Amino acid sequence: MEIIKYQEKYKQDFIELNTAWVERFFVMEEEDREILSHVEEYLEKGGMIFFAVEDEKVLATCMVYPTDSDVWEICKLAATGQHTGKGAGSAVFKACMDYAVEHGAKKLTLISNHILKQALHIYEKFGFRRVELSRGDEYERADVQCEYIVSEMAG
């Protein structure tokens, strides 16, 4: 398995994996459609999408982008169902964290939902802590907010 930065040839995989992931647990919301239909705009603003690829097949993907000068959001973490357990989700999530820090992030944020146990486990494994939900109104399903203060990041 290889972790790679965004390539146009994997754009459709990003869209399809995230659509399938959302629809597996929830319903597509306007914010989902906005992000998935404007991928290049997020990249132009300094964001990045990572893919876990094996034999030219995308196993997982995750996006990170700046929301403020030193605050970045990690979003759109999705994995193909048959490949869960391979560490692909953790690998792309960590790549997003590293990318944001390398580009000046002092705090990383994300919003999620309490039923996404595997995703929440990944966030906590990498040091994210749950905080009071102060945002997330762009998603009806958002009921968990986590953040990571970069100074906590070890080596």
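Scroll up a little and you will see the structure.
Scoring rules and cut-offs
- Residues numbered from 1 in each chain as written.
- Predicted model: local features only at pLDDT ≥ 70, side-chain atom pairs only at ≥ 80, totals over all residues.
- Heavy atoms only, no water.
- Pairing = 2+ DSSP bridges.
- Helix = DSSP H or I, 4+ residues; strand = E, 2+ residues; numbered from the N terminus.
- Axes fitted to C-alpha atoms, helices over the stretch in contact; angles between N-to-C directions.
- 1 Å grid on protein atoms, 1.4 Å probe; cavity = no way out; pocket = protein on both sides within 12 Å on 5 of 7 lines; lining within 4 Å.
- Points joined across faces, edges and corners; volume = space filled by probe spheres on them.
- Nonpolar A, V, L, I, M, F, W, Y, C, P; charged D, E, K, R; others polar.
- Parallel < 35°, antiparallel > 145°, perpendicular 65-115°, else oblique.
- Left-handed = near helix turned anticlockwise from the far one by under 90°.
- Contact = heavy atoms within 4.5 Å.
- Buried < 20%, exposed > 50% of the residue type's maximum accessible area, 1.4 Å probe, protein only.
- Phe/Tyr/Trp six-rings, centres within 6.5 Å; stacked < 30°, edge-to-face > 60°.
- Lys NZ or Arg CZ within 6 Å of the ring centre and 35° of its normal.

Chemist: Would you mind showing me how to read the sheet that holds strand 5 (residues 107–112) here?
Modeler: Strand pairing in a sheet is mediated by backbone hydrogen bonds. Such pairs are either parallel or antiparallel. Within the open sheet, the seven strands sit side by side as 1-2-3-4-5-7-6. Their pairing is mixed. Either end of the sheet is taken by a strand with one partner, and the two such strands are strand 1 (2–5) and strand 6 (129–131). Put simply, the sheet's adjacent strands are angled 30° from each other on average, direction ignored. One ladder, built from three bridges, connects strand 6 with strand 7 (residues 144–149); its direction is antiparallel.

Chemist: What am I meant to see in empty space enclosed by the protein here?
Modeler: To find leftover empty space, a probe the size of one water molecule is rolled over the atoms. Across all of its chains, the model carries one cavity of 30 Å³ or more by this definition. The volume enclosed by the largest cavity comes to roughly 330 Å³. In this structure, the largest cavity is lined by 20 residues; those nearest its centre are Lys76, Ile111, Ser112, Tyr123 and Arg141. Those elements giving two or more residues to the lining of the largest cavity turn out to be helix 1 (11–25), strand 4 (71–79), strand 5 and helix 5 (117–125). It is strand 4 that contributes the most residues to the lining of the largest cavity, five residues altogether. Per-class residue counts for the lining of the largest cavity are 14 nonpolar, three polar and three charged.

Chemist: How should I be thinking about the packing of helix 4 (residues 88–102) against helix 5 in this particular structure?
Modeler: Two quantities define a packed helix pair, namely the angle between the axes and the distance from one axis to the other. Two numbers describe how helix 4 lies on helix 5: the axes approach to 10 Å, and their chain directions differ by 45°. Accordingly, the angle class assigned to the pair helix 4 and helix 5 is oblique. Judged by the sense of rotation from one axis to the other, the crossing of helix 4 with helix 5 is right-handed. On helix 5, the residues touching Gly89, Ser90 and Phe93 of helix 4 are Ile122, Tyr123 and Lys125. Its residues assigned to classes, the contact of helix 4 with helix 5 comprises three nonpolar, two polar and one charged.

Chemist: Could you clarify how one ought to interpret the pairing of strand 3 (residues 57–66) in this entry?
Modeler: If a strand is regular, its side chains alternate between the two faces of the sheet. Counting buried residues along strand 3, eight of its ten residues qualify, which places the element largely inside the surrounding structure. Summarising the sheet, strand 2 (residues 48–54) and strand 3 pair through seven bridges and their orientation is antiparallel. Paired with Phe50 across the bridge in strand 3 is Cys62. For strand 3 and strand 4, the ladder comprises six bridges, and the chain directions are antiparallel.

Chemist: Help me out: how do you make sense of the packing of aromatic side chains in this one?
Modeler: Two aromatic rings, taken as a pair, are described by how far apart their centres are and by the angle between their planes. Taken as a whole, this structure holds twelve aromatic pairs when the rule is applied. An angle of 70° between the planes, with centres 5.8 Å apart, marks the rings of Phe50 and Tyr99 as edge-to-face. With Phe50 in strand 2 and Tyr99 in helix 4, this pair connects stretches of sequence that are 49 residues apart. The burial state of Phe50 is the same as that of Tyr99; both residues are buried. Chaining the aromatic ring pairs together yields one cluster made of Phe93, Tyr123, Phe126, Phe128 and Tyr148. In this arrangement the basic side chain of Lys45 is found over the ring face of Tyr42, its NZ or CZ atom lying 5.8 Å from the centre.

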